[in-house]
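Here is what each chain is made of, one letter per residue.
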Amino acid sequence: MTLVIAVLVLSLVASVPACVFGLMLMKGEGAELKKMTELYESGVEVQAQLVSLVPFGNRGYAHAHYEFPSPQGPARHEKGAEVGPAHVVGERYPMVFDPQNTKRVHLGTKASVRRERARRVGYVRNAKRMAVLSFAAGTLATVGLVLTA
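Residues numbered from 1 in each chain as written. Predicted model: local features only at pLDDT ≥ 70, side-chain atom pairs only at ≥ 80, totals over all residues. Heavy atoms only, no water.

Asks: Now, about the overall build of the protein: what can you tell me, with residues and values included?
Replies: Counting its secondary structure elements, the protein contains two helices and five strands. Going residue by residue from the N terminus, the α and β elements of the protein occur as α-β-β-β-β-β-α. The C-alpha atoms of the protein give 23 Å as radius of gyration, which overshoots the globular expectation for 149 residues (15 Å, by more than 25%). Dimensions of the protein along its principal axes, counting C-alpha atoms only, are 70 × 40 × 20 Å. (Helix = DSSP H or I, 4+ residues; strand = E, 2+ residues; numbered from the N terminus. Rg over C-alpha atoms; globule rule 2.2 N^0.38 Å.)

Asks: Which residues make up the sheet that holds strand β4 (residues 92–98), and what values go with them?
Replies: Ordered by their spatial adjacency, five strands build an open sheet running β3-β2-β1-β4-β5, and the pairing between neighbours is antiparallel. If you trace the sheet from one side to the other, it starts and ends with β3 (73–82) and β5 (101–107), each paired once. Sheet twist, expressed as the average angle between the axes of neighbouring strands with direction ignored, equals 40°. Examined bridge by bridge, strand β1 (residues 44–56) and β4 share six bridges and lie antiparallel to one another. If you follow Q47 over to β4, its bridge partner there is P94. Running at roughly 95° to β5, helix α1 (residues 2–42) makes contact with β1, β4 and β5 of the sheet. Packed on one face of the sheet, helix α2 (residues 110–148) meets β1, β4 and β5 and runs near 85° to β5. (Pairing = 2+ DSSP bridges. Axes fitted to C-alpha atoms, helices over the stretch in contact; angles between N-to-C directions. Contact = heavy atoms within 4.5 Å.)

Asks: How would you sum up α1? Please name residues and give values.
Replies: Three- or four-residue spacings in an α-helix give side chains the same orientation, since the helix completes a turn every 3.6 residues. In a regular helix each residue adds 1.5 Å, so 41 residues correspond to 60 Å; α1 covers 60 Å between its end C-alpha atoms and thus fits that length. For α1, every residue scored as buried is listed here: L8, S15, C19, G22, E29, L33, M36, T37 and L39. Looking at the buried residues of α1, the elements they touch are β4, β5 and α2. (Expected span 1.5 Å × (residues − 1). Buried < 20%, exposed > 50% of the residue type's maximum accessible area, 1.4 Å probe, protein only.)

Asks: Can you tell me about the packing of aromatic side chains, naming the residues and giving the values?
Replies: As enumerated under the stated definition, the model contains two aromatic pairs in all. Pairing Y66 with Y93 gives two aromatic rings, centres 6.1 Å apart and planes at 90°, and the pair type is edge-to-face. A residue pair is termed long-range when its members are at least 10 positions apart, and Y66 in strand β2 (residues 61–70) and Y93 in strand β4 qualify at 27 residues. Note on Y66: relative accessible area 3%, which makes it buried. Relative to F97, the ring of F68 lies with its centre 5.1 Å away and its plane at 45°, an arrangement referred to as tilted. Placement of the pair is F68 in strand β2 and F97 in strand β4, with a sequence separation of 29 residues. (Phe/Tyr/Trp six-rings, centres within 6.5 Å; stacked < 30°, edge-to-face > 60°.)

As far as function goes, none of this settles anything; it's purely spatial.
Here you go:
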């Protein structure tokens, strides 16, 4: 009987952090899904020019500064990147930005925004699934503890 109680207590203790983690994932991924949805619906695809690539540290990372046209004039976007042949200063790269908020950007095409949005939908769905299942496991463990006590 003590083994049963120990297993139920461990199940209850493990379900609480899993449920909290699922809720945190739902909130964070939900915000990213909202951002991707807004970019997909009202975003404008432009060609952004890589203006500078400033290395930092000794592990091959750099600050990449992009410049792109916006309704308010030229706008800049800064992103961390790896130093390598994929980033060449002066080259143009596709970028999608929100005309109402030029800080909201995605490096890539509208098709990549659509794919990222679909991935985020799956992330949110799986986070909900995890939160509900861990809550159900905690509930069953609590009921089991009450019945065995």
